[in-house]
Protein chains: 2
Amino acid sequence: MPEEITTMDIEAVAFAINSHDKQAFLTAVEDVHHADLASIYEDINGDERTFFTAHIGPNKFSQILPELPDTLIESSLERFEPNQQKNILSALLDDDRADILQDVSSEARHRYLALLHPEDMETTCSLMRYEEDTAGGRMTTQAAKVTLGMTVKQALDVLRKDKNSTESLARIYLVDEEGRLKGKIRLRELAFSAWDVLVDELMEEVELSILATTDQEEAAQMFTKYDMTLLPVVDEYSRLLGVITHDDILEILEEESTEDIEKMSGIAGEQSEESYLNTRIITHFKRRFPWLLVLALLAISSCYVMLRFEHVLNSVYLLALYLPMVVAAGGNTGGQAATMVIRAMSLGELEAGSTVKVIIKELSLGLLLGVFLGGCIALVTFFILPVFDPPLAGITISAFALAASVALAAQITTSTLTGALLPLGARAINLDPAVVAAPAITTLVDISGMIIYFTATKAILSL
Amino acid sequence: MPEEITTMDIEAVAFAINSHDKQAFLTAVEDVHHADLASIYEDINGDERTFFTAHIGPNKFSQILPELPDTLIESSLERFEPNQQKNILSALLDDDRADILQDVSSEARHRYLALLHPEDMETTCSLMRYEEDTAGGRMTTQAAKVTLGMTVKQALDVLRKDKNSTESLARIYLVDEEGRLKGKIRLRELAFSAWDVLVDELMEEVELSILATTDQEEAAQMFTKYDMTLLPVVDEYSRLLGVITHDDILEILEEESTEDIEKMSGIAGEQSEESYLNTRIITHFKRRFPWLLVLALLAISSCYVMLRFEHVLNSVYLLALYLPMVVAAGGNTGGQAATMVIRAMSLGELEAGSTVKVIIKELSLGLLLGVFLGGCIALVTFFILPVFDPPLAGITISAFALAASVALAAQITTSTLTGALLPLGARAINLDPAVVAAPAITTLVDISGMIIYFTATKAILSL
C-alpha cells in the first residue's frame with residue numbers, strides 16, 4: 001500500500017522540534033514532504049528554527065528553501081556556514097536559484113553568487129536578467145536538448161549524462177548548431193526506437209513557443225488553452241533558452257487569481273508570500289488601509305451631493321428611506337458586471353476589439369435587470385409599505401412606488417454599464433482592470449445613484 | 001524555426017468557412033490548434049456549422065469536441081452519421097468521453113453508448129459513476145501500468161502495446177496481481193536500464209494518491225502544494241483506478257477561482273461553459289438577478305431601521321450626511337476581511353481549528369483600521385467641513401467630528417470581524433463560504449452600521 005502523507009507525520013516533526021529531540025526529528029522528517037516542512041519552518045519561532053536548521057542538513061534544506069516565503073529566504077540561509085550555503089545553492093534548480101537570489105539583499109546576493117560554480121553563476125545571472133513575472137523569469141534552463149543529426153543511441157547517451165540536471169524529459173527538444181529550436185521528440189519514441197535511427201526522423205513540429213520577455217499570464221493562458229506539458233522559451237532569434245513547466249503554471253494561475261480577487265475587494269499592494277495567518281497584522285493593515293481611506297473620503301464628498309437636495313429630502317422624508325437601497329443595488333449590479341468582464345479578460349476571452357459587443361450586451365442586460373428589479377420593488381412598495389404607516393407628506397403610495405422603481409431601473413442600467421466599461425477603460429490606458437473595479441465603481445455609482453434618484457423622483461413627484 | 005499559431009491562420013479558417021470554400025478550409029485547419037477550432041465553431045452560425053462538420057471529418061472533430069461548451073456537445077454530434085459518431089466517440093480519451101456523455105440528453109446517451117466497443121462502454125460507464133467534481137470524475141483510466149515481477153524488457157513491451165492509449169508515460173505505476181498500487185517507475189529509468197533488470201528494483205515509493213470520491217479541489221491543492229505531474233486515483237482497497245493529469249488540474253483551478261470570484265460578487269448558479277460574449281443574455285440575467293432582488297429587499301428592510309431614528313435625524317440633519325460613508329466603509333472593510341479569509345480557505349491555509357486565531361487577528365486589525373480611519377475622518381471633519389457651512393443645529397463641529405469618528409471606528413471593528421467570521425461560520429455549517437460573503441456582509445453591515453452610528457452619535461452628542 002502506498003504511504004500517504006498524514007497529519008500525524010507532520011505533528012511528529014513539530015513535536016520533535018518542540019522537545020528539541022534530534023533523533024526523533026531526523027526520523028520524523030524522512031516521512032514528510034518538503035512543502036510541509038516549509039510550512040512547519042514558517043510556523044515555528046526563532047529558537048526552534050535554529051534547532052531545525054542545525055539538524056536538517058544542507059541537502060534536505062535545499063528542497064525546503066524554494067517553498068519558503070520571500071521574507072524568510074535570507075534569514076534562513078544565514079543560519080548556515082558558507083560552505084553549507086554553497087551546497088544548498090548548488091543543489092537548487094536554476095530557476096529556483098535565480099528566484100531566491102532576487103529575493104535577498106544585494107549584499108547577500110553578491111556573497112551567494114561568489115560561492116557558486118562559474119557555470120552555475122553564469123546561468124543564474126542570465127536568468128536574473130528577466131523580470132520575475134515574464135516567461136524568461138519563470139523558465140528553467142534545464143531543458144532536455146539534443147542536436148539535429150544525432151542517432152537515437154547518441155541522443156540517449158547525451159540525455160543519460162544530463163539525466164539528473166534536466167528538469168523534465170517528457171519533451172526533448174531538437175536544436176540546430178546555432179541552438180535554434182527546430183522540433184521535439186518524445187522520450188517514448190527514443191525508448192521504443194532502434195538505436196541507429198536518426199533523431200531527425202522522429203522529430204515532431206513544435207507548435208507553440210514563447211518569447212522570454214512575454215508576460216507570465218500569457219504563458220499560463222497558453223497552457224490552459226492548449227493542454228500543454230512544457231512550453232519552450234526562446235529569444236528573438238528563436239534560440240531555445242529554457243522551458244516553463246506545469247508546476248510553474250500552477251503557481252502563476254494561483255498568484256494571478258489571488259491578485260484579481262484581492263484587488264477587486266480593494267486590497268492594495270503586493271500579495272504576501274506568507275500564509276494568511278502568518279502574515280503580520282501591520283502587513284495586513286498596510287494593504288487594507290489605503291483604499292479604505294480613499295473610499296471614505298470619496299463617500300463623504302458624495303454626501304455633499306445630498307446637501308444640494310436638502311429641500312427635496314425635507315419635503316418628502318420618505319425618499320430618504322429608499323436612497324440607501326437604490327445606491328446599494330447600483331453598487332451590486334455594477335460589481336457583478338465588473339466581475340464578469342474582469343474574469344473574461346483574465347481568461348483571455350475579450351480582445352481589444354470587443355468593446356462594442358460588451359456595451360450592447362451589458363446595456364441590454366442592465367435594462368432587463370432594471371425593469372425587473374424596478375417592477376418587483378414597485379409591487380413591494382405598493383402592497384407592503386402601507387403596513388408600516390410611513391409619513392407620506394401629501395404624496396400617494398402609488399406615485400412613490402412609481403418614482404422609486406423608475407429611479408431604480410435608471411440607476412441599475414447606468415451602473416451595469418459603468419461596471420462593465422470601467423475595467424475595459426482601465427485596460428485601454430494600461431491600468432490593471434481589477435484595481436479600478438470595485439472601489440471606483442462603488443464611488444461612481446454612489447454619486448450617480450443619488451443624482452439619478454433625486455432627479456427622477458423630483459420629476460415624477462413634481463416636487 | 002518553429003511554426004507559431006497565429007491569428008492569421010485562425011482568420012484563414014474563418015474566411016474559408018464564410019466563403020464556403022472547402023479546399024481552403026481543409027488547408028487552413030491543418031495549421032490551427034483544435035482549441036482554436038473549437039472557439040471558431042462556437043462563434044459561427046448554424047449554417048456555417050453545417051459546412052464545418054460536413055468537411056472537418058470525424059477524426060479531427062474528435063479532438064475539437066472535448067473543447068466545446070456543454071451546450072453545444074449534443075447538437076454538434078447530431079450533425080454526424082451514426083458510424084461517424086462511433087468513430088468520434090471511440091477516438092476520445094476515456095475521461096473526455098465520460099464527461100461528454102454526462103452532458104447530453106439521456107436518450108442520446110443510450111444511443112451513443114450502444115455505438116461503443118463493449119470494453120470502452122464498460123470503462124465509460126464506470127467513470128460516469130463518479131460525480132463530475134470528484135477525483136474519480138476527473139481521472140482518466142488510461143494510466144501506464146505494469147505488474148510487479150516483470151523485467152524491464154517485458155515492461156517496455158507492455159507499454160509499447162499501450163503506447164497510443166495511455167495518456168501519460170511520465171509516471172508508470174506498479175501494481176500487484178489484485179491491481180493494488182505498489183509503487184512507480186519513471187520511463188527514463190526503463191529507457192536507461194538493462195533489459196533483464198526486474199522492475200521491482202527500479203520501483204520508487206508513491207507518496208501521494210487520492211480516493212476517487214474526494215472533491216476535485218483537494219486534488220488541485222495537492223498538485224499545487226507538492227509540485228506533482230500526475231496523481232494516482234485509487235478505490236478504498238487502494239486499487240489503482242486511474243490518474244489525474246496536470247491539464248485537468250489547470251481546468252479545476254480555473255473553475256474554482258472563477259466560482260469564488262463570481263460568488264463573492266453575488267453571481268448565482270453554475271458557471272457558463274461558454275465564453276462571456278457567447279453566453280446568452282438570458283443566462284447572464286438568470287445568474288445576476290436573484291441576489292440583486294434579495295439584496296434590494298434586505299436593503300429596504302434595513303431602511304426601516306432609519307424610521308426608528310427619525311427624531312435624531314430630524315434634530316441634527318448633519319448626521320444624515322455621514323451615514324452613507326459610515327455604512328460604505330463598513331461594507332468595504334468587511335469585504336476585505338471576507339476576501340482574505342475565503343482565499344486563505346480556498347488555498348487550504350485555514351484548518352477547522354484556526355477560528356480563534358482568525359478572530360484575534362481580525363479583531364486587532366479591525367481596531368487598528370477603525371482607530372486610524374476614525375482619526376483621519378475626525379481631522380477632515382474638523383478642518384474641512386466648516387468650509388461647506390453645513391446646518392449645525394446647535395452642536396459644535398468638534399463634537400460632531402468626535403461622534404462621527406467614534407461611530408466609524410466602532411463600525412469598522414465590528415464589520416471587519418463580521419466579514420472574517422461569516423465565511424468561517426458558513427463552512428462550519430457546510431455552506432460555500434464564497435456565497436455568503438459579499439451579499440450577506442453588505443446587508444448585515446448596513447443594518448448594524450446604522451444602529452451603531454445612531455447609537456454612538458446619540459450618546460456622544462446627548463440628543
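Residues numbered from 1 in each chain as written. Chains lettered and ligands numbered in written order. Predicted model: local features only at pLDDT ≥ 70, side-chain atom pairs only at ≥ 80, totals over all residues. Heavy atoms only, no water.

## Some points on the pattern of salt bridges
Let me state the cut-off plainly: Any carboxyl oxygen of Asp or Glu that lies within 4 Å of a side-chain nitrogen of Lys or Arg is treated as forming a salt bridge with it. Secondary structure counts use DSSP, requiring at least four H or I residues in a row for a helix and at least two E residues in a row for a strand, with both numbered from the N terminus. Exposure is judged per residue with a 1.4 Å probe applied to protein chains only, and the accessible area is read against the type maximum: over 50% gives exposed, under 20% gives buried, and values in between give partly exposed.
For the structure on display, the rule yields 28 salt bridges over all chains. Put simply, R97(A) and D120(A) hold a salt bridge, and the shortest N to O gap is 3.9 Å. Placement of R97(A) in helix α8 (residues 94-102) and of D120(A) in helix α10 (residues 118-128) is noted, with a sequence separation of 23 residues between them. Of the residues examined, R97(A) reaches a relative accessible area of 2% and is grouped as buried. Between D36(B) and K225(A) there is a salt bridge whose closest N-O contact spans 2.6 Å. In this pair, D36(B) sits in helix α3 (residues 34-43) while K225(A) sits in helix α15 (residues 216-226), so the two residues belong to two different chains. When its relative accessible area of 3% is taken as the criterion, D36(B) is described as buried. Salt bridges linked by common partners bring E78(A), E107(A) and R111(A) together as one network.

## Some points on a negative patch on the surface
Residues and elements named next belong to chain A. Operational definition: Here a patch means residues that are over 30% exposed by relative accessible area and free of salt bridges, tied together within 9 Å if like-charged and within 5 Å if nonpolar (Val, Leu, Ile, Met, Phe, Trp, Tyr). A 1.4 Å probe and the Shrake-Rupley method give the accessible areas. Residues count as covered only by the protein chains that appear here. His is not counted, nor are the chain ends; Lys and Arg add positive charge and Asp and Glu add negative charge. Think of each charge as sitting on NZ of Lys, CZ of Arg, CG of Asp or CD of Glu.
On the surface, E131, E132, D133, D215, E218 and E270 cluster together into a patch of negative charge. Considering the arrangement of structural elements, one finds E270 in the loop between α16 (246-264) and α17 (281-308). A relative accessible area of 73% means that E270 is categorised as exposed.

## Some remarks on the side chain of S405(A)
All names here are of chain A. The criterion, for reference: Throughout this description, a polar contact denotes any pair of N or O atoms lying within 3.5 Å of each other; where both atoms belong to protein, one of them has to be capable of donating a hydrogen while the other can accept it, and for residues adjacent in sequence the pair is counted only when both atoms sit in side chains. We call two residues contacting when some pair of their heavy atoms lies within 4.5 Å.
Checked against the element boundaries, S405 lands in helix α21 (residues 397-428). Within polar-contact distance, the side chain of S405 engages the backbone oxygen of L402 at 3.1 Å. Not counting the four nearest positions on each side in its chain, S405 is found in contact with G374 and A378.

## Quick look at the nonpolar core
Defined as follows: Residues belong to one nonpolar core when they are buried, are Ala, Val, Leu, Ile, Met, Phe, Trp, Tyr or Cys, and are joined through side-chain atoms within 4.5 Å.
Judged by nonpolar contacts, the single largest core of 112 residues is most densely connected at F52(A) and F52(B). Among residues more than four places away in sequence, those in contact with F52(A) are I17(A), F25(A), L37(A), Y41(A), I44(A), F61(A) and I64(A). F309(A), F400(A), A407(A) and L292(B) belong to the second-largest nonpolar core, a separate cluster that totals 37 residues.

## Focus on the interface of chain B and chain A
Interface size is often expressed as the accessible area that is lost when the parts come together. The line we're drawing: Throughout, buried area stands for the accessible area (probe radius 1.4 Å) lost by two parts on being put together, summed over both. Side-chain classes follow a simple rule in which Ala, Val, Leu, Ile, Met, Phe, Trp, Tyr, Cys and Pro form the nonpolar group, Asp, Glu, Lys and Arg form the charged group, and the remainder, Gly included, forms the polar group.
Contacts between the two partners involve 117 residues from chain B and, on the opposite side, 115 residues from chain A. Of the roughly 11300 Å² buried where chain B meets chain A, counting both sides, 69% is carbon and sulfur surface. For the interface between chain B and chain A, the tally reads 21 residue pairs in polar contact (both at pLDDT 80 or more). The greatest single-element share of the side of chain B that touches chain A, amounting to 18 residues, is contributed by helix α17 (residues 281-308) of chain B. Residue composition of the side of chain B that touches chain A, by class: 66 nonpolar, 26 polar and 25 charged.

## Thoughts on the relation of the copies chain B and chain A
Condition: When the copies are superposed, the least-squares fit draws on C-alpha atoms of residues that have pLDDT of at least 70 in both.
After a rotation of 180° and a shift along the axis of 0.0 Å, chain B superposes on chain A with an RMSD of 0.1 Å. Both chain copies can therefore be described as sitting about a two-fold axis. Considering only C-alpha atoms, the residue of chain B closest to the rotation axis is A191(B), which sits at 2.6 Å. A share of 98% of interface residues in chain B that are also interface residues in chain A marks the association as one of identical surfaces.

## Regarding the confidence of the model for chain A
Put simply, the rule is: Each residue carries a pLDDT score, the predictor's own confidence in it, on a scale running from 0 to 100.
Residues of chain A with pLDDT of at least 70 account for 93%, and the chain-wide mean is 84. If you check the scores for this complex, the pTM reads 0.75 and the ipTM reads 0.71.

## Examining the domain arrangement of chain A
Residues and elements named next belong to chain A. Condition: Residue ranges for the domains trace back to a domain assignment, done automatically or taken from a database.
Each assigned domain of chain A is listed with its residue range as follows: domain 1 (7-131), domain 2 (138-245) and domain 3 (281-460). Distance between the C-alpha centres of domain 1 and domain 2: 30 Å. Listed as interface residues are six residues of domain 1 and, on the opposing side, nine residues of domain 2. Between the two partners, domain 1 and domain 2, sit two residue pairs in polar contact (both at pLDDT 80 or more).

## Here's the deal with the sheet that holds strand β4 (residues 210-211) of chain B
Residue and element names in this part refer to chain B. Applicable threshold: Think of it this way: DSSP has to see at least two bridges between two strands before they count as a pair. Working convention: axes come from line fits to C-alpha atoms, limited for helices to the stretch in contact. Angles between N-to-C directions cover 0 to 180 degrees.
Overall, mixed pairing links the three strands, which are arranged β4-β5-β6 in an open sheet. A strand with exactly one partner marks an edge of an open sheet, and here the two such strands are β4 and β6 (240-245). Two elements, β4 and strand β5 (residues 230-234), share two bridges in a ladder whose sense is parallel. Paired with L211 across the bridge in β5 is V234. On top of the sheet, helix α15 (residues 216-226) reaches β4, β5 and β6; it is set at about 140° to β5, its chief contact.

## Examining the packing of aromatic side chains
We apply this condition: By convention, a stacked pair of Phe, Tyr or Trp rings (six-membered ring in the case of Trp) has centres within 6.5 Å and planes under 30 degrees apart, an edge-to-face pair has planes over 60 apart, and any other such pair is tilted.
Applying the stated criterion across every chain, the model contains 22 aromatic pairs over all chains. An angle of 80° between the planes, with centres 6.1 Å apart, marks the rings of F289(A) and F372(B) as edge-to-face. In this pair, F289(A) is assigned in helix α17 and F372(B) in helix α20 (residues 355-384), connecting two distinct chains. A residue is classified by how much of its surface remains accessible, and F372(B), at 44% relative accessible area, is partly exposed. Relative to F400(B), the ring of Y322(B) has its centre 5.0 Å away and its plane inclined at 70°; by these criteria the two rings are edge-to-face. Taken together, the positions of Y322(B) in helix α19 (residues 318-346) and F400(B) in helix α21 (residues 397-428) put the pair 78 residues apart, joining distant regions of the chain. Accessibility classification places Y322(B) together with F400(B) in one group, the buried group.

## Observations regarding the pairing of β6(B)
All names here are of chain B. Among the six residues in β6, five count as buried, and that is most of the element. Looking at chain direction, β5 and β6 are connected through five bridges and run antiparallel. By the bridge assignment, V233 is partnered in β6 with G242. Between β5 and β6, which pair antiparallel and follow one another directly, the connecting turn spans five residues, one of which, S238, has a positive phi of 55°.

## With respect to the sheet that holds strand β4 (residues 210-211) of chain A
All names here are of chain A. The three strands lie next to each other as β4-β5-β6, forming an open sheet whose pairing is mixed. Whereas interior strands pair on both sides, the edge strands pair on one side only; in this sheet they are β4 and β6 (240-245). Running over the sheet, α15 touches β4, β5 (230-234) and β6 and is turned about 140° from β5.

## So, the pairing of β5(B)
For β5(B), a buried count of five out of five residues is recorded, marking the element as mostly surrounded by other parts of the structure. In β5(B), alternate side chains face the same way, and those of L230(B), P232(B) and V234(B) on one face and L231(B) and V233(B) on the other are all buried.

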